[in-house]
Amino acid sequence: MSTLSSLFSLLIFPTGLTLIFTGMFFEWIDRKLVARFQNRVGPRWFQPFADMVKLFAKEQIVPGLAGPFLFFVLPVVAIAGALTSALYVPFLGMKPVHSFAGDLIVTIYLLSLLTMCIGLAGWNTSSRFSLVGSTRALTQMFAYEAPFLLALLGPALVAGSWQISEINLYAQSHWIVFTQPVGFIVALIGLMGKLELPPFDSPEAETEIVAGALTEYSGRGLAIFKLGKSIELIVGITLVSAFYLGGVSGILPFLVKTLVVLLMMTLLQTLLTRLRIDQTVGLWWRFGAILVLAQILLIIILRGYVL
Amino acid sequence: MKNIEQNLQNAEGLLAGLNREAVHPEPNRLDIVVAVDDLRPAVKALQDAHWGYLSAITGMDLGAESGQIEALYHFCYGAAVTTLRVRQSRDGQSVLPTIEDIIPPASFFERELQEMLGFHITGAKTSDRLFISDDWPEEVYPLRKDFNISQAAPVEGRHADELPEEGVIRGSTFVVPIGPQHPALKEPGHFEFTVDGEIITAARMRLGYAHRGIEKAAESRNWIQNLYLFERVCGICSHTHAMAYSMGVEQLAHVEAPPRANAIRELVAGLERIHSHLLWLGVAAHEAGFDTLFMYSWRDRETVMNLLEQITGNRVNYSANVLGGVKCEITLEQAKAIKEGLIFLEQRIRHYLEVVTTDAMFLNRTRNVGTISFEEAERFGLLGPTARASGLVRDVRVEAPYGAYVQFPISAVTETNGDLEARCVVRLNELLVSCFAIRTIVDNLPAGPLTVKMPRKIPAGETVSRVEAPRGELFYFIKSEGGERPARVHVRTPSLCNWVSVLEKAVGRQLADAPMLIAGMDPCFSCNDRLVTITGTAGRRTWSWSQLREYGIEHYK
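Residues numbered from 1 in each chain as written. Chains lettered and ligands numbered in written order. Predicted model: local features only at pLDDT ≥ 70, side-chain atom pairs only at ≥ 80, totals over all residues.

Undergrad: Before we go on, may I ask you to explain the overall build of chain B in this structure?
TA: Within chain B one finds 18 helices and 18 strands. Taking 24 Å as the expected radius of gyration for a compact globule of 557 residues, we find that chain B reaches 23 Å, a close match to that expectation. Principal-axis analysis of the C-alpha atoms gives chain B an extent of 60 × 60 × 60 Å. Residue burial in chain B is summarised as follows: out of 557 residues, 50% are buried. (Helix = DSSP H or I, 4+ residues; strand = E, 2+ residues; numbered from the N terminus. Rg over C-alpha atoms; globule rule 2.2 N^0.38 Å. Buried ≥ 20, exposed ≤ 12 C-beta atoms within 10 Å, placed from the backbone.)

Below you can see the structure in the form of structure tokens.
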């Protein structure tokens, strides 16, 4: 019986299918809002779902120079990483399915897996555009990853735990966004970097390198990568809102808070021009990392006095 | 007028020792025949004296009877045009020395001569094909009078488009190809950027993917049919093409279009400029990754597209011109609509001007990127807004006012920085000037007829017709032999002169800047490419016009 219920919670609710559909729903909101801000009509509500159905039904072409094994395995690893990471976050405001001390680090690692898979996938297909794209994707990862991690460590430090569920609990009585505004901004922008959303979309800048690392992907492979991204979008947003916006408990606060974060992200996407890769790296290391480091130091020092 | 005479006298003085015969075919033109050996000294003399700039090189086949082919080097200085004419025997080697070391953009003109007419250019750095397709047979030149389509059967095995090994070509360099099919280019051009990491170390380009043989086709159509043919050279600046052609034919026929027609021509040209530049702004913003600006500027562009549709009935090829005038009237109602539209457009253009000069993120991608100094602009022979952004006044409307630009003059807009930001600013400021001019024209539209009668046969002669297109000077050379058809029409579009700015400036920049640099000169590929090769299931073949026409009719039935 317990196996059955674990399977249910793994595959159907709250993670698994529910997660995938919520991910697509959030992707739709993102696309629709950006479209409306840009004075376009935007897609209908089932568009991300229709895209998936179409892509899964399409032929998958394996380029001649690509290693076939990695070509098929990488998308699966990527989506597995994204799906697993969802087990540790308070998705839909519920208690995480799994939880242990230090799961924050595991979740962040699992979230990076997608980017690494995309980078490797680009390298593996060895098309010129995907090579440039994967170099950029990995370069960008080294730029935002550390600041993003530090930005999530801030709340962990004040909560005194590296367990997501406990930080969430602590956050419910403390709006950390007001005490650590820098961390919030860095986490938000870091998330956009992770998801390669504009202005951090130089790894897939269509006007230079077509679709970047995923240029040669079609059909199923592409669909899985895309799904992985949608899932990462929702997991990332959940983490940021749980840590900074007073925690998430219950489905209504979850929706309100995550949608607020998503709204902020769409606004930034609309307003900003794509950064060149050197500008992205410069931005993170010159401002992002230093600011968030300073904040962490401040927290450590203050805590030292208080305790 | 005095100025023109003075300038022509100066040119004659400069070329005193070199000319064999000099004539003035038209008041503003000096036509000098020079020997092949004197060509380089003559070009150098004009260049060193800063006598204008090389505007175009026209190649002409005089036919089997005369046994000669000619190359005409047109230099323009204000309204004055000096043409250096070099005659060569038609049979055997027609050798021309290259002048690309003196004037860099001449390289593009010379390659056209070589591919289309079979001149052998000695000393040129490259003889790669630029326009003509790779499987085109050797020693077959489409613009020769005795060219026959049967000669042009594709040569098997002469494909340069086969892909080099993925990622690595020519030793250890890494080449990123952009085009002919690429999301950054909506038109078919091919660029090869050799990169070291993200830094571009070499750039190469190839054109002609949509070469339609319009110049050749013109020789088999009558004067009126050609008007509609040339209008289709470019879908963005169709009006300026039709205008340049009809003005040229009118000059040859010694007919003057009525003032009202000229004013309406300028008015439509002004509206076309607004549509073209707003389109460009959107493309440039998209290349930079600022899609919001792209969507907004294209939304606002609809206003001017609707105005054009209201006036002419068409959105793309307006066909406002006829030989001897225009065919569309501006009614009171339309005048009102234009004025209302302009109020909105002006307000939006001011807003975009503010965006491109203040948006920090967009400036990251435009400020100090691809900077071209005044001297470089002059050396590269840049035209239009690209030149004006570097402070070089190259604007036919100002330098050599034609048609209604005499009565409704416009002022030249320049910037000094020469970077991409300056090119945005120049183009947008130009629109404000255009709006002002359009308003003045609508308020003071001269009364009178719209057209004058044109003869069916145009008297023999040659003429040069220059018009400022949105992208720069558009150059038409038209030759009539007194018949119902032109003997030769040569079109030199502004984009061809501006390529040098991309190829020279991309080296040393980041790959991410390359699309921006290409967009920065507002390239128009269809203008550059004017024979069609269709690759279908039946393999490659070259089609004649009539076959192409039949195919088109069948296809769209």
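Undergrad: When you look at helix α15 (residues 494–506) of chain B in this model, what are you seeing that I'm missing?
TA: Since the α-helix advances by 3.6 residues per turn, residues separated by three or four positions end up pointing in the same direction. By the criterion of burial, α15 of chain B is predominantly enclosed, with 11 of the 13 residues buried. Those residues of α15 of chain B that sit buried are P494, S495, L496, C497, N498, W499, V500, S501, V502, K505 and A506 of chain B.

Undergrad: Would you mind showing me how to read the interface of chain A and chain B here?
TA: Interface size, as often reported, equals the accessible area lost upon joining of the parts. Counting residues at the interface gives 28 residues for chain A and 27 residues for chain B. Every element with two or more residues in the side of chain A that touches chain B is listed here: α6 (128–159), α10 (206–209) and α13 (277–306) of chain A. Taken together, the residues of the side of chain A that touches chain B sort by class into 11 nonpolar, 9 polar and 8 charged. (Contact = placed C-beta atoms within 7 Å. Nonpolar A, V, L, I, M, F, W, Y, C, P; charged D, E, K, R; others polar.)

Undergrad: Sorry if this is basic, but what is going on with unusual backbone geometry here?
TA: With glycine set apart, most residues show a phi of negative sign, and most peptide bonds adopt trans. In this model, P198 of chain A is joined to P199 of chain A through a cis peptide bond whose omega is 0 degrees. Within the element layout of this structure, P199 of chain A appears in the loop between α9 (181–194) and α10. Backbone geometry places S319 of chain B, a non-glycine residue, at a positive phi of 40 degrees. Note on placement: S319 of chain B falls in the loop between α8 (291–312) and β12 (321–322). For S319 of chain B, a count of 19 C-beta atoms within 10 Å puts it in the partly exposed group.

Undergrad: I would appreciate a short explanation of the sheet that holds strand β14 (residues 461–469) of chain B in the present structure.
TA: Backbone-to-backbone hydrogen bonds join strands into a sheet, with any given pair of strands oriented parallel or antiparallel. Residues and elements named next belong to chain B. Taken in spatial order, the 3 strands make up an open sheet running β14-β15-β16, and their pairing is antiparallel. If you trace the sheet from one side to the other, it starts and ends with β14 and β16 (486–492), each paired once. Looking at each pair of strands side by side, their axes are set apart by 15 degrees on average, direction ignored. Relative to β14, helix α6 (residues 238–253) is tilted by about 150 degrees, and along the sheet it contacts β14 and β15 (472–480). (Pairing = 2+ DSSP bridges. Axes fitted to C-alpha atoms, helices over the stretch in contact; angles between N-to-C directions.)

Undergrad: What is the right way to read the environment of T126 of chain B from this model?
TA: Residue and element names in this part refer to chain B. Mapped onto the secondary structure, T126 falls in the loop between β7 (120–122) and β8 (168–169). By the C-beta count within 10 Å, which is 10 here, T126 ends up exposed. Between the alpha carbons of T126 and R111 there is a distance of 8.9 Å; along the sequence they are 15 residues apart.

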